[in-house]
Amino acid sequence: MHALPQKTSADEAEALAVAAFSAIMGDEERMSRFMAVSGLRPDTIREAAGSPRFFAGILDYVVADEPLLIALASEMNVKPERLMGAHMALSPSEFE
């Protein structure tokens, strides 16, 4: 029998989202793609970051792209499941 994964707190989820966002912004190709998909521009990021949905949006973006999810998890030295848990903490499913 497997233990259930530990639920991710909102604070931990936000910290993981910030780390993922930093990794995305630190790579020009990733940053360009994120900007294109999100519709954000360099001059609108600060305003968007003030939105309560910003962290959830970052994690929505990351988990929707499996190669990115795996790469960021590796770079952040966390398991992809931690990023998935953070995503679920900030964007809970309607079925939970």
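So, how was this worked out
Residues numbered from 1 in each chain as written. Predicted model: local features only at pLDDT ≥ 70, side-chain atom pairs only at ≥ 80, totals over all residues. Heavy atoms only, no water. Phe/Tyr/Trp six-rings, centres within 6.5 Å; stacked < 30°, edge-to-face > 60°. Helix = DSSP H or I, 4+ residues; strand = E, 2+ residues; numbered from the N terminus. Buried < 20%, exposed > 50% of the residue type's maximum accessible area, 1.4 Å probe, protein only. Core = buried A, V, L, I, M, F, W, Y, C linked by side-chain atoms within 4.5 Å. Contact = heavy atoms within 4.5 Å. Axes fitted to C-alpha atoms, helices over the stretch in contact; angles between N-to-C directions. Parallel < 35°, antiparallel > 145°, perpendicular 65-115°, else oblique. Nonpolar A, V, L, I, M, F, W, Y, C, P; charged D, E, K, R; others polar.

A few words on the packing of aromatic side chains. Inspection of the entire model under this criterion finds four aromatic pairs. Relative to Phe 54, the ring of Phe 21 has its centre 5.3 Å away and its plane inclined at 75°; by these criteria the two rings are edge-to-face. Taken as a pair, Phe 21 in helix α1 (residues 10-25) and Phe 54 in helix α4 (residues 54-63) lie far apart in primary sequence, 33 residues in all. You'll find Phe 21 and Phe 54 in the same group, each marked buried. Ring centres of Phe 34 and Tyr 61 lie 5.0 Å apart, and the angle between their planes is 80°; this geometry places the pair in the edge-to-face category. Taken together, the residues Phe 34 in helix α2 (residues 28-38) and Tyr 61 in helix α4 connect sequence positions 27 residues apart.

What follows is about the nonpolar core. Grouped together as the largest cluster of nonpolar side chains are 29 residues, with contacts concentrated most on Val 62, Leu 72 and Leu 83. Contributions of two or more residues to this core are made by α1, α2, α3 (45-49), α4, α5 (66-76) and α6 (80-90). Top contributing element to this core by residue count: α4, with eight residues. Among all residues touching Leu 72, those that are not within four sequence positions of it are Ala 20, Ala 23, Ile 24, Arg 30, Val 62 and Leu 83.

When two helices pack together, you describe them by how their axes are tilted relative to each other and by the distance separating the axes. The N-to-C vectors of α1 and α2 enclose an angle of 110°; their axes lie 6 Å apart at closest approach. Here α2 runs roughly perpendicular to α1, going by the angle between their axes. In this structure, α1 contributes Phe 21, Ala 23, Ile 24 and Met 25 to the contact, and α2 contributes Arg 30, Met 31, Phe 34 and Met 35. Classifying every residue of the contact of α1 with α2 gives seven nonpolar, no polar and one charged.

So, to be careful, I would describe these as geometric facts and stop short of saying anything about function.
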